[in-house]
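A closer look at the structure
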Amino acid sequence: SRLIVLLCVCLRHLDSVFGAVQINTLISVTEGDSVTLHTHITELHTDEGTEWTFGVESPDEIIATIYKDNIKPFINERLKNHVEIDAQTGSLIITNITTQHTGRYQVTFTRNAKLDKVIFRVIVYARLSVPVISRVSSQCSSSSSSSCCCVLCSVVNVSHDVSVSWYKGKSLLSSISVSDLNIRLSLPLKVEYQDTNTYRCVVNNPITNHTQHLHITQLCHTSEVVVHTCGFIETVIRLVVSAVVGVATVAVLVYDIQTRITINL
């Protein structure tokens, strides 16, 4: 028990000398936005130094070293032209943030003769594009294509942690997701031509989402009308061609008969 008490006293002593390490909650932002990582210092003093570091896995590369009215140049090329320092508080401001700025940021500063550290974990998500719903006859089997309409919900330029889902009303029908960078993400759905239910496709990541509604009567039935119209036109063309061929044949026969009668006379 004495050992435990002694250990607690030592830890308290170290905390009073070196300060505390604070792990901030996850900060999620969308590409193109700006984010401020606060030091929570009201005002920098001449005897207080502040240092920002960055790393994808561990914050071990120096971004800037700051003293009051003295900010050394940025070293990290990844953050060049994207970072500003609040000269009064030492807070780090990242403007027009990109997915390349995802990582861990650490600020170390001396305050009241104690060394404090604050760690930020920043995840930047690419902007989501609106999903597109299109009809794809290749997804339907030959036995059901006459009564079913097959559609595909697609989204392009997706980044990590993106999912595409089909909903029937409020019920989830199917979903697909990607954890790594991908160019295109698609999810098929088969519906009946006469289906009157409400369907929607939703694409989302942890901080935003987009919804596209399926209009069966417009997407599926219009395609069928086009098919039938094309078939009708093709039939008419065939009938016209047959009629022309028939008339031409009769004309040839009449001409042949008239020629023979003339010769005999």
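Residues numbered from 1 in each chain as written. Predicted model: local features only at pLDDT ≥ 70, side-chain atom pairs only at ≥ 80, totals over all residues. Heavy atoms only, no water.

- The protein is annotated in an unreviewed UniProt entry as CD48 antigen-like of Triplophysa rosa.

Brief notes about the overall build of the protein
- When helices and strands are counted, the protein shows two helices and 17 strands.
- Across the 265 residues of the protein, 32% fall into the buried class.
- Long-range contacts, defined as pairs at least 24 residues apart, comprise 59% of the intrachain contacts of the protein with a sequence gap of at least 6. (Helix = DSSP H or I, 4+ residues; strand = E, 2+ residues; numbered from the N terminus. Buried < 20%, exposed > 50% of the residue type's maximum accessible area, 1.4 Å probe, protein only. Contact = heavy atoms within 4.5 Å.)

Topic: the pattern of salt bridges
- By the definition in use, this model includes one salt bridge.
- Its salt-bridge partner being R127, residue D33 comes within 3.0 Å of it at the nearest N-O pair. Taken together, the positions of D33 in the loop between β2 (27-30) and β3 (35-37) and R127 in the loop between β10 (114-125) and β11 (132-135) put the pair 94 residues apart, joining distant regions of the chain. (Salt bridge = Lys/Arg side-chain N within 4 Å of Asp/Glu carboxyl O.)

Focus: the state of the cysteines
- Counting across every chain of the model gives two disulfides.
- Between the sulfur of C149 and that of C220 lies a disulfide, 1.9 Å long from S to S. Around the S-S axis, the bridge from C149 to C220 shows a dihedral of about -80 degrees and counts as left-handed. Of this pair, C149 sits in strand β12 (residues 148-156) while C220 sits in helix α2 (residues 216-264), and the two are 71 residues apart along the sequence. Per residue, the accessibility class of C149 equals that of C220, and both read buried.
- Between C153 and C201 runs a disulfide, and the two sulfur atoms are separated by 1.9 Å. Taking the torsion about the sulfur-sulfur bond, which here is approximately -80 degrees, the covalent link between C153 and C201 counts as left-handed. With C153 in strand β12 and C201 in strand β16 (residues 199-205), this residue pair connects regions lying 48 residues apart in the sequence. Comparing C153 with C201 shows no difference in burial state: the two are buried. (Disulfide = S-S within 2.5 Å.)

Description of the sheet that holds strand β7 (residues 83-85)
- Spatial ordering of the open sheet is given by β3-β8-β7, a layout of three strands whose pairing is antiparallel. Here the strands that pair on one side only, and so sit at the sheet edges, are β3 and β7. With strand direction ignored, the average angle separating the axes of adjacent strands in the sheet is 25 degrees. (Pairing = 2+ DSSP bridges. Axes fitted to C-alpha atoms, helices over the stretch in contact; angles between N-to-C directions.)

Some words on the confidence of the model for the protein
- Averaged over all residues, the pLDDT of the protein is 76; the fraction at 70 or higher stands at 65%.
- Averaged over each element, pLDDT in the protein is lowest for helix α1 (residues 2-18) (39) and highest for β16 (95).
- The model gives residues 1-19 a pLDDT under 50, and that stretch makes 13 contacts with residues more than four places away or in other chains.
- Low pLDDT (under 50) marks residues 223-234, which in the prediction has three contacts with non-local residues, meaning those over four places away or in another chain. (pLDDT = per-residue confidence, 0-100.)

Looking at the environment of I216
- Secondary-structure assignment places I216 in helix α2.
- By relative accessible area, I216 is classed as buried at 5%.
- When the C-alpha atoms of I216 and T196 are compared, they prove to be 8.2 Å apart, with 20 residues separating the residues in sequence.

Side note on the pairing of β16
- Burial runs high along β16: five of the seven residues are buried.
- Sheet topology note: the β16/strand β17 (residues 208-214) ladder contains seven bridges and is antiparallel. Bridge pairing links Y199 to L214 in β17.
- In this structure, the hairpin formed by β16 and β17 is closed by a connection of two residues.

Thoughts on unusual backbone geometry
- Look at N81: it is not a glycine, yet its phi comes out positive at around 70 degrees.
- Tracing the backbone shows N81 in the loop between β6 (70-71) and β7.
- For N81, a relative accessible area of 71% gives the class exposed.
- The phi torsion at N96 lies on the positive side, around 45 degrees, for a residue other than glycine.
- Relative to the assigned elements, N96 resides in the loop between β8 (92-94) and β9 (103-111).
- Among the residues examined, N96 registers a relative accessible area of 47% and is labelled partly exposed.

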